4 protein chains.
Amino acid sequence: MANIAFIGLGQMGAPMATNLLTKGHRLKVYDINSSAVDKLVEKGASAAKNPADAAKDADFVITMLPNGKLVENVLFDADTGVVNSIGTNALIIDMSTIHPFESDQIRTRLQSLNIEFMDAPVGRTSDNAIAGTLLILAGGTSQQVEKAHDILLCMGSEIVNTGGPGKGIRVKLINNFMSISLNALSAEAATLCEALELPFDVAMQVMQGTPASKGHFTTTWPNKVLKGDLSPAFMIDLAHKDLGIALDVANQLHVPLSMGSASREIYSQARAMGRGKQDWTAILEHIRFCSGMKNNSLS
Amino acid sequence: MANIAFIGLGQMGAPMATNLLTKGHRLKVYDINSSAVDKLVEKGASAAKNPADAAKDADFVITMLPNGKLVENVLFDADTGVVNSIGTNALIIDMSTIHPFESDQIRTRLQSLNIEFMDAPVGRTSDNAIAGTLLILAGGTSQQVEKAHDILLCMGSEIVNTGGPGKGIRVKLINNFMSISLNALSAEAATLCEALELPFDVAMQVMQGTPASKGHFTTTWPNKVLKGDLSPAFMIDLAHKDLGIALDVANQLHVPLSMGSASREIYSQARAMGRGKQDWTAILEHIRFCSGMKNNSLS
Amino acid sequence: MANIAFIGLGQMGAPMATNLLTKGHRLKVYDINSSAVDKLVEKGASAAKNPADAAKDADFVITMLPNGKLVENVLFDADTGVVNSIGTNALIIDMSTIHPFESDQIRTRLQSLNIEFMDAPVGRTSDNAIAGTLLILAGGTSQQVEKAHDILLCMGSEIVNTGGPGKGIRVKLINNFMSISLNALSAEAATLCEALELPFDVAMQVMQGTPASKGHFTTTWPNKVLKGDLSPAFMIDLAHKDLGIALDVANQLHVPLSMGSASREIYSQARAMGRGKQDWTAILEHIRFCSGMKNNSLS
Amino acid sequence: MANIAFIGLGQMGAPMATNLLTKGHRLKVYDINSSAVDKLVEKGASAAKNPADAAKDADFVITMLPNGKLVENVLFDADTGVVNSIGTNALIIDMSTIHPFESDQIRTRLQSLNIEFMDAPVGRTSDNAIAGTLLILAGGTSQQVEKAHDILLCMGSEIVNTGGPGKGIRVKLINNFMSISLNALSAEAATLCEALELPFDVAMQVMQGTPASKGHFTTTWPNKVLKGDLSPAFMIDLAHKDLGIALDVANQLHVPLSMGSASREIYSQARAMGRGKQDWTAILEHIRFCSGMKNNSLS
C-alpha cells in the first residue's frame with residue numbers, strides 16, 4: 001500500500017481519490033474547497049493543510065487541477081508548494097489536462113530539482129471516474145510508467161503507455177482536438193440532414209458503414225496516403241464537387257456550415273496546388289505541406 | 001432477365017454495367033466515349049445510337065453520369081432523349097451523384113409525363129463497383145424500390161431503402177459531406193500530431209477508443225442531446241478551453257488549422273449564447289438554433 | 001432620342017427606366033409584375049406584351065433582372081424572347097448583377113446570332129437609382145461603350161469603362177465580394193470593441209488614420225508587395241502574434257470571430273511556408289501561391 | 001528636460017529613444033542586447049546595469065518590449081525590477097503592444113504599490129519611429145495623459161487620448177485586428193481579380209469609390225445600423241447571393257477564399273435567424289446577438 005498525496009478534488013479528482021482509498025491506499029488530500037476535503041476524510045483520507053503538507057512522506061503526489069497555472073502554484077509555491085517537502089523517491093503524477101508546453105516547463109523545472117514527474121491525463125467521463133474505468137494516457141520514462149502502473153490501475157481500466165515524458169498530455173491534446181471538432185462537424189451534418197427533411201436514423205444507418213462515421217484513420221488512409229499511394233480511389237476534384245453541392249444546398253436551406261465551408265476551401269487550395277487528380281486522402285499531404293513539412297511520409 | 005438501358009460507362013458505370021451482363025441481363029449501352037461502348041459490346045451488350053435508342057423496349061433505364069445537367073440532357077433532349085422512346089412500364093434509375101434539387105426537378109418533370117423515376121446513388125469505391133459490392137442508396141416509392149431490388153443487387157451487396165423519392169440522393173449528400181469534411185479535419189489532427197513529435201500510431205490507438213475515431217452519432221449523442229438531456233458529462237466551456245490549447249500549440253508550431261479554428265468559434269458562439277455549462281453534445285442544438293430551427297428535438 | 005426596351009422594373013429598374021423617360025427617350029417596358037408596368041406607363045412609357053414585343057424596333061434593349069436564368073429566358077425564349085424580334089443595329093445592355101460565366105455564355109450565344117451585347121452592372125443604392133447617380137461599370141467593346149454612353153449617363157453619374165466585354169460584371173463581382181465581406185469583418189471588430197468596453201467612436205477615430213479603415217490597396221501595398229519589395233515594415237510574424245492576442249481576448253470575452261480566426265490561420269500558413277520575416281503585404285503573394293499562381297508579380 | 005529611463009531598444013525602441021535624446025531629454029537606457037545600448041550611448045544616453053538602475057531618479061520610465069511577460073519581468077523582478085528603485089513621482093509608460101489583460105494586471109499590481117502606470121502603444125511603422133511621426137494611443141487618467149504629453153510628442157506626431165487607463169492598448173488591439181485581417185481579405189479579393197483576368201487597377205479604381213475600399217464605418221453604417229435603421233438599402237439576402245456567386249467563381253477558378261467563405265456563412269446564419277430582408281449593415285446586430293449582447297444599439 002502506498003502513501004499518496006492527492007491534490008484537486010473536483011468532479012473528476014474526488015471519485016479518483018475515492019477509488020484509491022477503496023483499493024487500500026493511504027491518502028492525504030488537499031483542495032481549496034474544504035467541503036470537498038471533508039467528503040474524502042469521511043471516506044478515510046486525512047486532510048492536509050496545504051500541498052506541501054500533503055506531499056510529506058508521500059510515495060506519489062497526484063495532481064488533478066483545472067489548468068497549468070494551478071499545477072505550477074501547487075508544486076512550486078515558495079511556502080506551501082509540494083517541492084518544499086517532497087522526498088527523493090517520490091513520483092509526481094499530473095493527471096490534469098493542461099497545455100503541453102506548460103507541462104514540459106514543469107517537468108524541466110522539477111528535473112533541475114531532481115524530482116520525478118510524469119504526465120498522465122485521463123480520458124472518458126466523470127461516470128468512468130466513479131466506476132474506476134478511466135482511460136489513462138501515461139507519459140513518462142519506462143520506469144515511471146511501470147512504477148505508477150498499479151496506482152493508475154486503481155482509477156482506470158486502460159493504461160496506455162504513450163511512449164515517453166510529455167507524450168501523455170500530447171495524445172490527450174490530439175484526441176480532444178479531434179473529438180471536440182468532430183462534434184461540431186457532426187452537428188453541421190445532422191442539421192443539414194434535418195433541413196433536407198431526411199430522417200436522421202436513415203442517415204446514421206448509412207454513415208455507420210462508411211468513413212463518415214468510421215473515420216479515415218483505419219479505413220481510407222492506411223492503404224493510400226499512409227502507404228504513399230495517391231492514385232485516386234476517390235478524386236480530390238470529385239470530393240470538392242460534392243462539398244460544393246452540399247454547401248449550395250445548405251445555403252439555399254439556410255443552414256450555415258462554418259466547418260463545412262472551411263473544408264471546401266481546403267480542397268480548393270489542394271486543387272489549386274496541383275492535387276485535383278490525386279486520391280482524397282492526399283489532403284493529409286496537402287495539410288502537411290502547408291504546415292511546412294517537407295518530407296512526404298507520415299508513418 | 002430484364003432489358004436494361006445503361007447510359008454512362010465511366011470509372012463506375014462500366015463495371016456496374018458489366019456486372020449486370022454477368023448476371024444475365026440484356027443491356028443496350030450508351031456513352032459519348034465510343035471506346036467505352038466497344039468494351040461493353042465485347043462483353044455482350046448491344047450499342048445504342050443515342051439515349052432514346054437505348055431506352056426503347058427497356059424495362060429499366062439506368063443513368064450513371066457526372067452531373068445533373070448531363071442527366072437532364074440524356075433524359076429530355078428533344079431528339080435523342082430517353083423520354084422520346086421509353087415505354088409506360090419502364091423505370092428510370094438515376095445512380096449518379098447529382099444535386100438533390102436537380103434530381104427533384106427531373107423527377108417532377110418525368111412525373112408530368114407519367115414516367116417512373118427513382119434515385120439510387122452508390123457508395124464505396126471503383127473497386128467495389130468491379131466486385132459488385134457497392135452500397136446502394138435507394139430512393140423511391142416502396143413499389144419502385146421493390147421493383148428495382150434484384151437489378152440493384154447485381155451491382156451492390158447492400159441496398160438501403162432510404163424511405164422515399166429523393167431520399168437516396170439526400171443521404172448520399174449527407175454522407176459525402178460528412179466523410180469528405182472529416183477527411184480534412186483528420187488531416188489537421190494528424191499534422192498537429194506530427195508537429196508535436198508524437199507517433200501517429202499511438203494517437204490512433206488512443207483515438208480508436210474514443211469519439212475522436214468512433215464518432216459521436218452512436219457514442220456521446222444518443223444518451224444526451226438526442227434524448228434532450230443537456231446536463232454536462234463534458235462541459236462546452238471545457239471543450240472550448242481544450243480547443244484553445246490545441247490552437248495555441250498549433251499556432252506556435254506553425255500548423256494552420258482552418259477547420260479547427262472554425263470549430264473553436266462555434267463553441268465560442270455557443271458559450272456567448274448561454275450554453276457554456278451544457279454538455280458538449282448541445283452543440284447540435286446550437287447549430288440547429290443558428291439554422292433557424294426553433295423546436296428543440298431532433299429525433 | 002432613342003427607342004429603348006426596358007425589361008425588369010424592380011427596386012432598381014423602375015427608377016432607372018423613369019430617368020430614361022425623363023431625359024426624353026421613348027420606352028417600351030416589360031415586367032412580369034403588371035402594376036410595375038402600369039406605373040411606368042403613367043409616366044409615359046408604352047407597355048410591351050412580352051420581351052420580344054418590347055425589343056421590336058428598339059435601338060437599345062436594357063435588362064435589369066435578379067439572376068442570369070431570367071436574363072437568359074428573357075433573351076432566348078423560343079416564343080417571347082428578345083432574339084425573335086431584335087433588329088440588326090440594336091445593342092442589348094444587361095445591367096443585372098449575374099454570374100459572370102452566365103454573362104459570358106449569353107454574350108457568346110448572342111454573338112453567334114450576330115446580336116450585340118454588353119454588360120453594364122450598377123453600383124450604389126436604390127436612392128442613387130432614383131437620383132440618377134448610379135455608378136455604372138461598362139463592359140463592352142470600345143464601340144459599344146461609346147454607343148451606350150449617353151444612354152447610361154441618363155441613369156448614372158459615373159461611367160467606368162472597365163476595359164472589355166465581360167469586365168463590367170467581373171469588376172462588380174470583385175467589388176461586391178470585397179465590400180460585403182468587409183462589412184462582416186467590420187462587424188466582428190466593432191463587436192470586439194464593444195466587448196472591451198471601448199467607445200466605438202474612439203476606435204473609429206484611430207482607424208480612420210490607418211489601413212484598418214483606409215484599406216491596403218492605396219496605403220501599404222503600393223510601395224511594398226505591388227513593387228515586389230517584401231522587406232518588413234511590419235513582419236508577418238508580428239501580425240500573426242497580434243491576431244493571436246485579439247483572438248485570445250475575443251474568446252475570453254465570448255465574441256466569436258469566424259473571419260478573424262480564418263485570417264489568423266492564413267498568417268499561420270504563410271509562416272509555415274516560410275514568410276514569417278516578410279512584410280505583412282506578402283500575404284498577397286501567399287494567397288496567390290496557394291491559388292496556383294506561379295509568377296510572383298501582380299501589377 | 002526630464003530624466004527618462006528607456007527600456008527596450010529594438011527596431012521601434014531605438015529610434016524612439018533617439019528622438020527623446022535629440023529633443024534634449026536625459027536618458028538612461030537598458031536592453032539585453034548590449035550593442036543596442038552602445039549605439040544609444042554614442043548618441044548621449046547613459047547605460048544602465050539593469051531596469052532598476054535605469055529607473056532610479058527617473059521622472060518617466062518607458063518600456064518598449066515584445067510581449068507582456070517581458071514587461072512584467074522588467075518591472076517586477078525581485079532584484080533588478082523597476083519597482084525596486086522607482087521614485088514616488090515617476091510615471092511608467094508602457095508603449096509595447098501586449099495583451100490588454102496583461103496590461104491590466106500590471107497596472108493593478110503597480111497601483112497596489114502606489115506606482116503610476118499608463119499604456120501608450122504606438123501605430124505606424126519603423127520609418128515613422130525614426131521620423132518621430134508615430135501615432136500614439138495614450139491610455140491613462142487625464143492627469144497622466146497630460147503629464148506624458150510633451151514626452152510622447154517627442155516620438156509621435158499625433159497623440160490620441162483614448163479615454164482612460166487600458167484604453168490605449170485596447171484601441172491598438174482593435175485597430176490591428178482590423179487592419180491585419182483586412183490585409184488577408186484584400187489579398188483574397190486581389191487574387192480572385194487576377195484569376196478573372198481583370199486588371200487590378202480597374203478594380204482598385206472602382207473600389208476606391210465604394211465601401212470595398214472606403215470601409216463601412218463612415219459610409220454605410222452611420223445612417224443605417226448605427227441609427228437603428230435596418231430597412232434595406234441593400235438586403236442581406238442579396239449580399240448573400242452575391243457572395244455565393246463570388247465563391248462559385250472562385251471555386252471554379254481554384255482560388256481558395258477562406259475568409260470569403262467564412263463571411264458567406266455569417267450571412268447565411270443571419271438569414272437563418274431572420275435577417276434576410278434587413279439592410280446588410282444589420283450584420284453588426286447579428287454578430288452582436290451571437291456574442292450574447294442583448295441590447296440592440298451600439299452607439
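One numbering rule holds for all chains: residues counted from 1, following each sequence as written. Think of it this way: whatever chain is written first is A, whatever ligand is written first is 1, and the rest follow in order. Local features in this predicted model are restricted to residues whose pLDDT is 70 or higher, and side-chain atom pairs enter the listing and the counts only when it is 80 or higher, whereas totals over whole chains, interfaces and linings include all residues. Only hydrogens and water are set aside; all other atoms, that is, all heavy atoms of the structure, feed into the side-chain values.

1. A look at the overall build of chain A
Then, number 1: A helix here means a DSSP run of H or I that spans at least four residues, while a strand means a run of E at least two residues long, and both kinds are numbered starting from the N terminus. On a plain count of helices and strands, chain A comes out with 13 helices and nine strands.
Then, number 2: Projected onto its principal axes, the C-alpha coordinates of chain A cover approximately 65 × 45 × 30 Å.
Then, number 3: Burial here depends on accessible area, computed with a 1.4 Å probe over protein chains only, as a share of the maximum for the residue type. Under 20% is buried, over 50% is exposed, and the range in between is partly exposed. The buried share among the 299 residues of chain A stands at 63%.
Then, number 4: The contacts of chain A with a sequence gap of at least 6 include a subset with a gap of at least 24, amounting to 62%.
Then, number 5: Residues scored as charged are limited to Lys and Arg (positive) and Asp and Glu (negative), so that His and the chain ends carry no count. Lys charges are placed at NZ, Arg charges at CZ, Asp charges at CG and Glu charges at CD. Of note, chain A has its 25 positive side-chain charges centred 5 Å away from the centre of its 29 negative side-chain charges. When checking whether two residues touch, look at their non-hydrogen atoms; a contact exists if any pair is within 4.5 Å.

2. With respect to the interface of chain C and chain D
Then, number 1: Listed by partner, the interface residues are 98 residues for chain C and 97 residues for chain D.
Then, number 2: Buried area is calculated as the accessible area (1.4 Å probe) missing from two parts once they are joined, with the contributions of both summed. Summed over both sides, the interface between chain C and chain D buries roughly 8600 Å², with carbon and sulfur atoms accounting for 72% of that surface.
Then, number 3: The salt bridge criterion pairs a side-chain nitrogen of Lys or Arg with a carboxyl oxygen of Asp or Glu, the two atoms within 4 Å. Where chain C meets chain D, there are two salt bridges.
Then, number 4: Across the pair Glu194 of chain C and Arg288 of chain D runs a salt bridge whose closest N-O atoms are separated by 2.6 Å.
Then, number 5: Any pair of nitrogen or oxygen atoms within 3.5 Å is treated as a polar contact; in protein, a donor-acceptor pairing is required on top of that, and neighbouring residues in sequence qualify only through side-chain atoms on both sides. The interface formed by chain C and chain D holds 26 residue pairs in polar contact (both at pLDDT 80 or more) in total.
Then, number 6: The set of elements that each furnish at least two residues to the side of chain C that touches chain D consists of α5 (100-112), β8 (134-138), α8 (167-195), α9 (200-207), α10 (211-214), α11 (236-252), α12 (258-275) and α13 (283-290) of chain C.
Then, number 7: No other element matches α8 of chain C, which puts 26 residues into the side of chain C that touches chain D.

3. Concerning helix α9 (residues 200-207) of chain D
Then, number 1: Counting buried positions over the eight residues of α9 of chain D gives six, a clear majority of the element.
Then, number 2: Those residues of α9 of chain D not exposed but buried are Phe200, Val202, Ala203, Met204, Val206 and Met207 of chain D.
Then, number 3: Along its buried surface, α9 of chain D packs onto β8, β9 (156-161) and α8 of chain C together with α8 (167-195) and α10 (211-214) of chain D.

4. Some remarks on the domain arrangement of chain A
Then, number 1: Domain start and stop positions are those given by an automatic or database domain assignment. Segmenting chain A into domains produces domain 1 (3-165) and domain 2 (185-290).
Then, number 2: Inter-centroid distance (C-alpha atoms) of domain 1 of chain A to domain 2 of chain A is 41 Å.

5. Section: the packing of aromatic side chains
Then, number 1: Two rings from Phe, Tyr or Trp (for Trp, the six-membered ring) form a pair when their centres are within 6.5 Å of each other. A pair whose planes differ by under 30 degrees is stacked, one over 60 is edge-to-face, and the rest are tilted. Applying the stated criterion to the full structure yields 16 aromatic pairs over all chains.
Then, number 2: On the numbers, 5.0 Å between centres and 85° between planes, the contact of Phe234 of chain D with Trp280 of chain D is edge-to-face. Of this pair, Phe234 of chain D sits in the loop between α10 and α11 (236-252) while Trp280 of chain D sits in the loop between α12 (258-275) and α13 (283-290); the two residues are 46 residues apart in sequence, bridging distant segments of the chain. In this pair, the class of Phe234 of chain D matches that of Trp280 of chain D, namely buried.
Then, number 3: Through pairs of rings, three or more aromatic residues link up here, namely Phe200 of chain A together with Phe217 and Trp221 of chain B.
Then, number 4: Ring-over charges, as used throughout, are those where CZ of Arg or NZ of Lys falls within 6 Å of the ring centre and within 35 degrees of the ring normal. Residue placement shows Arg109 of chain B over the ring face of Phe76 of chain B; its charged tip is 3.8 Å from the ring centre.
Then, number 5: Geometry around Phe60 of chain B places Lys147 of chain B over its ring, the cationic atom sitting 5.9 Å from the centre.

6. Topic: the interface of chain A and chain D
Then, number 1: Counting residues at the interface gives 15 residues for chain A, matched by 15 residues for chain D.
Then, number 2: Among the residues of chain A in contact with chain D, Asn251, His254 and Glu265 of chain A are the three that bury the most area, contributing 42% of the side total.
Then, number 3: Where chain A touches chain D, the interface holds 12 residue pairs in polar contact (both at pLDDT 80 or more).
Then, number 4: Going through the elements one at a time, α11 (236-252) and α12 (258-275) of chain A are the ones with two or more residues in the side of chain A that touches chain D.
Then, number 5: Here the side of chain A that touches chain D gets eight residues from one element, more than from any other, and that element is α12 of chain A.

7. Observations regarding the side chain of Thr162 of chain B
Then, number 1: By the secondary structure assignment, Thr162 of chain B is in the loop between β9 (156-161) and α8 (167-195).
Then, number 2: In terms of polar contacts, Thr162 of chain B uses its side chain to reach the backbone amide nitrogen of Gly168 of chain B, at 3.0 Å.
Then, number 3: Residue contacts for Thr162 of chain B: discarding those within four places in its chain leaves Val202 of chain A together with Leu137, Ala138, Gly139, Lys167, Gly168 and Val171 of chain B.

8. With respect to the relation of the copies chain A and chain D
Then, number 1: The fit set for superposing copies consists of C-alpha atoms from residues with pLDDT of at least 70 in both; the fit itself is least squares. When chain A is fitted to chain D, the residual RMSD is 0.1 Å, and the transformation amounts to a turn of 180° plus an axial shift of 0.1 Å. In symmetry terms, the pair is related by a two-fold rotation axis. Within chain A, the C-alpha atom positioned nearest to the axis of rotation is that of Ser261 of chain A, 3.0 Å from it.

9. Some details on the environment of Thr210 of chain B
Then, number 1: With respect to the helices, strands and loops of the structure, Thr210 of chain B is situated in the loop between α9 (200-207) and α10 (211-214).
Then, number 2: For Thr210 of chain B and Thr220 of chain B, which are 10 residues apart along the polypeptide, the C-alpha to C-alpha distance reads 9.7 Å.
Then, number 3: Excluding anything up to four places from it in sequence, Thr210 of chain B contacts Leu135 and Asn175 of chain A.

10. Describing the sheet that holds strand β6 (residues 116-119) of chain C
Then, number 1: As summarised here, the arrangement of the six strands in space is β3-β2-β1-β4-β5-β6 (chain C), forming an open sheet in which the pairing is parallel. Two strands lie at the open edges of the sheet, namely β3 (46-47) and β6 of chain C, each paired on one side alone. At least two bridges found by DSSP between two strands are what make those strands a pair.

11. Overview of the confidence of the model for chain A
Then, number 1: Of the residues in chain A, 98% have a pLDDT of 70 or more, and the chain-wide mean is 96.
Then, number 2: In the predicted complex, the global pTM is 0.94; the interface-specific ipTM is 0.95. The pLDDT score gives, residue by residue, the confidence of the prediction method on a 0 to 100 scale.

12. Describing the pairing of strand β9 (residues 156-161) of chain D
All names here are of chain D.
Then, number 1: Bridge count for strand β8 (residues 134-138) against β9 is five bridges, and the pairing is parallel. Opposite Ala138, over in β9, you have Asn161 as the bridge partner.
Then, number 2: For crossovers, right-handed means that the path from the first strand over the helix to the second runs clockwise, given strands pointing away from the viewer. Note that the unit made of β8, helix α7 (residues 142-153) and β9 has a crossover that is right-handed.

13. Some words on the packing of α12 of chain A against α12 of chain D
Then, number 1: Helix axes are fitted to C-alpha atoms over the stretch in contact, other axes to C-alpha atoms as well, and angles between N-to-C directions run from 0 to 180 degrees. The geometry of α12 of chain A relative to α12 of chain D is characterised by a closest axis approach of 9 Å and an angle of 155° between their N-to-C directions. What the angle tells us is that α12 of chain A and α12 of chain D run roughly antiparallel. For the crossing formed where α12 of chain A meets α12 of chain D, the hand is right-handed. Residue-level inspection shows Ser258, Ser261, Arg264 and Glu265 of chain A of α12 of chain A in contact with α12 of chain D, the latter providing Ser258, Ser261, Arg264 and Glu265 of chain D.
Then, number 2: Amino acid classes used here: Ala, Val, Leu, Ile, Met, Phe, Trp, Tyr, Cys and Pro are nonpolar; Asp, Glu, Lys and Arg are charged; the rest, including Gly, are polar. Residues belonging to the contact of α12 of chain A with α12 of chain D are distributed by class as follows: no nonpolar, four polar and four charged. Should an angle lie under 35 degrees it is considered roughly parallel, over 145 roughly antiparallel, and from 65 to 115 roughly perpendicular; all remaining angles are considered oblique. If you view the pair so one helix is near and one far, a crossing is left-handed when the near helix is turned anticlockwise from the far one by less than a right angle, and right-handed when it is turned clockwise.

14. A look at helix α2 (residues 34-42) of chain D
Residues and elements named next belong to chain D.
Then, number 1: Those residues of α2 that fall on the buried side of the exposure criterion are Ala36, Val37 and Leu40. Across the axial projection of α2, the buried residues extend over an arc of 100°, all falling on one side. Opposite the packed face of α2, turned more than 90 degrees from it, sit the exposed residues Lys39 and Glu42.
Then, number 2: In the segment just after α2, Gly44 is the residue with positive phi, at about 115°. Think of it as the arc spanned by the lines of direction from the helix axis to the C-beta atoms.

15. A look at the pattern of salt bridges
When the charged atoms of two side chains with opposite charge come close together, those side chains can pair.
All names here are of chain A.
Then, number 1: According to the stated counting rule, one finds 48 salt bridges over all chains in the structure shown.
Then, number 2: A salt bridge links Lys277 to Asp237; the nearest nitrogen and oxygen atoms lie 2.7 Å apart. Note that Lys277 is positioned in the loop between α12 and α13 (283-290) and Asp237 in helix α11, a separation of 40 residues in sequence.
Then, number 3: Accessibility expressed as a relative area gives 58% for Lys277, which makes it exposed.
Then, number 4: One salt-bridge network, in which partners are shared between bridges, spans Asp104, Arg107 and Arg170.

16. Overview of the environment of Ala282 of chain B
Residues and elements named next belong to chain B.
Then, number 1: Position of Ala282 relative to the elements: it lies in the loop between α12 (258-275) and α13 (283-290).
Then, number 2: Taking C-alpha positions, Ala282 is 5.9 Å from Val225, a pair spaced 57 residues apart along the chain.
Then, number 3: For Ala282, the contacting residues outside a window of four places in its chain are Val225, Leu230, Ile236 and Arg275.

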